[in-house]
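Understanding the architecture of this molecule
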Amino acid sequence: MADLSSNFLGIKSPNPFWLASAPPTDKAYNVNRAFEAGWGGVSWKTLGEDPHIVNVNGPRYTSMMSNDRRVIGFNNIELITDRPFKVNLKEMRQVKRDWPDRALVASVMFPMNEESWAKHIPIIEDTGVDGFELNFGCPHGMSERGMGAAVGQVPEYIKQATEWCKKYATVPVIVKLTPNITDVLYPAEACLEGGADAVSLINTINSIMRVDYDTLTMFPTTGNMGTHGGYCGEAVKPIALNMVAEIARNEKTKNLPISGIGGVTTWKDAVDFIALGASNVQVCTAAMVYGFKIVEDMKTGLSNFLDEKGMTSVDELIGKAVPSVTDWKFLNLNHVDKAVIDQDKCIKCGRCYIACEDASHQAIEYTNNNDDRVFTVNDDECVGCNLCVSVCPIVDCMSMVAMTSGTDPRTGKKISSEVADWTTHANNPLKVS
Amino acid sequence: MSDNKLISDGVNVKSHRLSKKEIENNFSDLHAPLSAVEALIESDRCYFCYDAPCTKACPSDIDVPGFIQSIRSDNLTGAAEKILSENIFGGMCARDCPTEELCEQACVRNDNEEKPVEIGLLQRYATDSVLSSGVKLFSRKKETGKSIAVVGAGPAGISCAHRLAVLGHKITVYDAQDKPGGLNEYGIAAYKSTNDFAQQELQYILDIGGITIKTGMKLGNQINLEDLQEQYDAVFLGCGLGTVNQLNLDNENVSGVIDAVEYIENLRQIDSKDELMVGKNIVVVGGGMTAIDIAVQSKLLGAEQVTIAYRRGKNIMAASEYEQLLAKKHDVQIQYNVSPKRLLSENSHVTAMEFDVMQSQGDGGLKASGESITLKADVVFKAIGQKLVTEGLNSLEIIKGRIVVDENRKTSLTKVWAGGDCILDGNNLTVSAVQDGKLAAISINETLTQGV
């Protein structure tokens with residue numbers, strides 16, 4: 001059995017599955033249950049200055065569901081902890097004492113003045129927490145007050161606040177980033193400059209879920225008005241993975257440890273994050289939808305996967321896929337793929353045909369002789385776009401196969417084993433000769 | 001009209017074999033309708049195929065992926081409109097179509113997982129929704145001033161009448177029975193059309209306006225084809241098959257030997273099914289849907305032993321494999337390859353039926369093997385097909401006892417169209433009758449509006 005134990009910045013946990021700072025880590029009651037269920041660590045619900053904030057007394061959450069009511073995406077407008085500072089500290093101290101082998105990180109959000117950080121950080125650290133996570137990500141409510149995402153959207157603020165935290169903390173400092181920015185590298189580099197030990201990402205994405213079709217107001221509302229919330233859950237994973245990979249492959253930030261967050265629901269999602277550069281993952285929505293038990297499959301699934309890959313620890317997986325991520329301009333334009341249909345597996349639904357016909361390059365042909373439906377790829381037109389594969393409902397029925405020799409019948413060009421990308425392409429006005 | 005004394009009291013023939021409650025329970029919906037959640041989940045299974053095989057397999061050309069997509073998106077009115085614009089009896093067809101041989105047989109999901117999308121149940125979900133809400137999906141075009149006579153208020157006739165009404169024509173529908181509806185009202189197995197569905201659906205269809213129904217009007221009696229041609233701009237015959245085939249055996253008129261069709265009519269119309277006279281040992285002669293329907297319904301009424309006796313083999317049986325299974329599920333025995341030989345009776349009531357055991361020949365013919373079997377019977381149902389009543393139709397071209405029509409359902413007479421069971425090559429399905437009526441209406445409209 002592969003070793004799932006994790007050492008993130010010196011913070012040890014029996015597995016890399018932490019609960020993200022969010023409703024499931026709101027208080028000792030939940031966190032104790034989470035640890036009983038087997039979670040490796042938690043980032044406690046974000047602490048702030050007293051007097052504590054208040055939440056609305058109406059809908060805080062909404063989900064986007066499939067027809068069989070599986071939650072695909074999730075939105076919240078809950079703020080940071082709505083309990084007194086001292087109550088949280090007392091509980092954190094007790095939890096850390098009761099669960100010494102689990103990671104306990106204090107998520108914090110303070111205003112942009114040094115006094116506040118100087119006042120709070122040492123008291124929090126005194127509870128025995130293993131680290132801090134700076135919440136520069138919440139996109140609703142707190143950002144209106146100049147905190148959360150309002151900090152995370154300004155690299156200079158990130159750097160400044162990180163420096164303050166580092167100044168008063170002795171344990172590692174993780175900075176949690178907002179995805180509501182144009183380029184995640186700016187905040188990531190600011191973290192590095194501010195002395196952050198790691199980044200965690202992503203926090204939630206600005207979102208309105210839908211309208212109410214009866215009242216034609218946004219949905220949900222508190223009374224008759226609503227506000228945007230933060231979007232998370234399975235649907236946001238690809239956005240998070242891109243940002244994680246960007247940081248992991250960026251020259252300046254490539255050695256900055258990453259805690260991956262965003263839609264982790266199964267062990268496969270964890271594999272995605274870890275292979276693209278995260279050292280561990282944090283989970284919220286899956287626990288909110290299914291309860292803490294969901295971690296059981298995450299652990300056995302990841303362990304079995306590592307065994308199958310011949311890996312003995314999670315560390316061996318970290319960043320494995322990062323070298324495969326590059327800029328578009330470095331993609332090999334000499335490479336030629338063609339779609340292939342496995343006729344034995346094809347169920348003749350025609351989705352590949354109509355997708356290609358209406359939305360791509362008319363490269364799939366359809367014949368129907370007395371209800372004998374046959375779909376075939378026309379290599380003369382196929383640009384290898386993968387749309388057909390993306391819509392085929394049958395596993396392994398359609399695939400892209402690379403041409404390794406001969407001539408591409410679409411372009412008439414010989415297949416070359418040489419790599420040629422946009423930087424050297426004749427059509428590129430900025431080509432390097 | 002038949003009554004519940006269709007079979008006289010005799011040894012082993014009696015009513016109240018089961019309690020009223022048991023019978024009500026037995027005759028509840030064969031397939032429970034889908035709930036909203038079930039429908040949404042099932043609709044998600046549709047792949048939205050291109051040039052969809054299910055649509056091609058539908059005799060009435062319903063855009064199946066189209067209506068299922070509308071169920072998926074909670075657009076039930078849109079879904080129903082897709083169905084009913086091609087097949088105004090989409091509600092009944094959702095209940096009585098042999099979907100396992102039509103749309104669902106063609107579903108591409110069969111290839112991969114042998115579990116097609118439940119198209120029939122989804123169609124029912126969508127159509128039930130508009131029928132219960134009463135949303136009007138169709139309106140009439142400007143009056144054309146043309147009037148058309150429709151003979152037969154069954155699926156073919158009403159389908160034709162509805163389409164013509166939409167196109168702005170005025171229609172008079174004549175029907176021989178007391179109630180309109182044809183086989184939907186009198187023939188479909190009771191567990192496929194519960195809660196007076198046939199009349200509810202008919203009412204919804206007739207709400208379009210422009211259609212007058214006249215019942216108790218039989219072709220050849222109260223009305224005749226010559227007069228109709230004179231009085232109307234066009235005539236559509238959807239008169240069905242008015243009489244049944246006979247066994248042509250001695251003793252055929254003894255008590256207890258009865259037409260399945262007549263018994264089913266009675267079963268569909270009677271207020272309390274527990275009043276029906278039911279045999280203990282029943283033999284059903286035939287191999288079509290009527291044979292299955294009467295056999296299963298006899299079981300549900302409390303008959304102990306029901307055997308379907310069919311001349312040929314399992315694969316040739318007109319009733320689908322699914323229907324054969326349905327019968328077996330209800331403990332109906334099916335005896336293949338037996339041909340009626342003799343009816344045995346005592347005191348003028350049938351007691352048993354003897355059959356020749358048949359062997360099929362290479363040329364498709366049948367030959368008696370020389371062996372015979374005897375099945376005990378206190379009731380014998382004849383379900384060996386129906387015949388067109390040709391009296392009064394002499395001016396039409398008729399082949400093999402059916403009216404000849406072209407692809408537009410036009411007969412040999414200039415002003416007469418026909419559809420449903422009465423035409424040559426009709427396949428006895430509600431859905432095909434509906435399609436016939438629709439095609440005829442389109443053709444009639446084109447003819448009547450030419451040059452207008």
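The rules behind the values
Residues numbered from 1 in each chain as written. Chains lettered and ligands numbered in written order. Predicted model: local features only at pLDDT ≥ 70, side-chain atom pairs only at ≥ 80, totals over all residues. Heavy atoms only, no water. Helix = DSSP H or I, 4+ residues; strand = E, 2+ residues; numbered from the N terminus. Contact = heavy atoms within 4.5 Å. Pairing = 2+ DSSP bridges. Buried < 20%, exposed > 50% of the residue type's maximum accessible area, 1.4 Å probe, protein only. Axes fitted to C-alpha atoms, helices over the stretch in contact; angles between N-to-C directions. Parallel < 35°, antiparallel > 145°, perpendicular 65-115°, else oblique. Left-handed = near helix turned anticlockwise from the far one by under 90°. Nonpolar A, V, L, I, M, F, W, Y, C, P; charged D, E, K, R; others polar. Buried area = accessible area lost by both parts, 1.4 Å probe. Salt bridge = Lys/Arg side-chain N within 4 Å of Asp/Glu carboxyl O. Polar contact = N/O pair within 3.5 Å; in protein donor to acceptor, adjacent residues only side chain to side chain. Core = buried A, V, L, I, M, F, W, Y, C linked by side-chain atoms within 4.5 Å. Domains from an automatic or database assignment.

**Let's talk about the environment of A:Asp3**
With respect to the helices and strands, A:Asp3 occurs in the segment before strand S1 (6–8). If we ignore the near neighbours within four places in the chain, the residues touching A:Asp3 are A:Thr312, A:Ser313 and A:Val314.

**Description of the pairing of strand S14 (residues 229–232) of chain A**
In the case of a regular strand, side chains alternate between the two sheet surfaces. Across 3 bridges, the pairing between strand S6 (residues 71–76) of chain A and S14(A) is antiparallel. Bridge assignment links A:Asn75 to a residue of S14(A), and that residue is A:Tyr231.

**Describing the environment of A:Asp421**
Residue and element names in this part refer to chain A. You can see Asp421 is positioned in the segment after strand S20 (398–402). Taking the relative accessible area as the measure of exposure, Asp421 reaches 13% and is therefore buried. Separated by 92 residues in the primary sequence, Asp421 and Lys329 have C-alpha atoms spaced 6.2 Å apart. Those residues within four positions of Asp421 in sequence are excluded, and the remaining contacts are Lys329, Phe330, Leu331 and Leu333.

**Concerning the packing of helix H3 (residues 114–125) of chain A against helix H5 (residues 155–168) of chain A**
Residue and element names in this part refer to chain A. Across the interface, H3 lies against H5 with an axial gap of 9 Å and an inter-helix angle of 40 degrees. The angle between H3 and H5 falls in the class oblique. Between H3 and H5 lies a crossing whose hand is right-handed. Packed against H3, whose contacting residues are Glu114, Trp117, Ala118, Ile121, Pro122 and Glu125, the element H5 presents Ala161, Trp164, Cys165, Lys167 and Tyr168 at the interface. Its residues assigned to classes, the contact of H3 with H5 comprises 8 nonpolar, no polar and 3 charged.

**Re the packing of helix H2 (residues 36–44) of chain B against helix H4 (residues 64–72) of chain B**
Residues and elements named next belong to chain B. One way to put it is that H2 packs onto H4 with a least axis distance of 8 Å and a crossing angle of 130 degrees. It follows from the interaxial angle that H2 and H4 lie oblique. As H2 runs across H4, the sense of the crossing is left-handed. Two secondary-structure elements touch here, H2 through Ala39, Leu40, Ser43 and Asp44 and H4 through Ile68, Ile71 and Arg72. Grouping the constituent residues of the contact of H2 with H4 by class yields 4 nonpolar, 1 polar and 2 charged.

**Section: the interface of chain B and chain A**
Tallying the contact residues gives 16 residues for chain B and 16 residues for chain A. Across the chain B/chain A interface, buried area totals approximately 1300 Å², and carbon plus sulfur atoms make up 58% of it. In this assembly, chain B and chain A are joined by 0 salt bridges. Applying the counting rule to chain B against chain A returns 7 residue pairs in polar contact (both at pLDDT 80 or more). Listed by contribution, the elements that provide at least two residues to the side of chain B that touches chain A are H2, helix H3 (53–57) and helix H8 (109–113) of chain B. Looking at the side of chain B that touches chain A element by element, the count peaks at 4 residues for H2(B).

**Focus: the nonpolar core**
All names here are of chain B. Core analysis: the biggest nonpolar cluster contains 85 residues, and Phe67, Ile71 and Ile444 have the highest contact counts within it. Residues lining this core come from more than one domain, with at least three contributed by each of domain 2 (36–133) and domain 3 (147–242 + 388–449). The residues touching Phe67, leaving out its near neighbours within four places in the chain, are Ile62, Ala79, Lys82, Ile83, Ile119, Leu122 and Gln123.

**Here we look at the domain arrangement of chain B**
Along its sequence, chain B is carved into domain 1 (2–28 + 244–382), domain 2 (36–133) and domain 3 (147–242 + 388–449). Computed from C-alpha coordinates alone, the two centres of domain 1 of chain B and domain 2 of chain B are separated by 34 Å.

**Let's talk about the environment of A:Thr222**
Residue and element names in this part refer to chain A. In this fold, Thr222 is placed in the loop between strand S13 (218–219) and S14. On the basis of relative accessibility, which here comes to 35%, the residue Thr222 falls in the partly exposed class. Along the backbone, Thr222 and Val236 are 14 residues apart, and their C-alpha atoms lie at a distance of 25 Å.

**Topic: the pattern of salt bridges**
By the definition in use, this model includes 39 salt bridges over all chains. A:Lys166 is the salt-bridge partner of A:Asp197, the closest N and O atoms lying 2.8 Å from each other. Here A:Asp197 is found in the loop between helix H6 (185–194) and strand S10 (198–201), whereas its partner A:Lys166 is found in helix H5, with 31 residues between them in sequence. Given the relative accessible area of 26%, A:Asp197 is considered partly exposed. Given the relative accessible area of 28%, A:Lys166 is considered partly exposed. Its salt-bridge partner being B:Arg140, residue B:Glu143 comes within 3.3 Å of it at the nearest N-O pair. B:Arg140 sits in the partly exposed class, given a relative accessible area of 24%.

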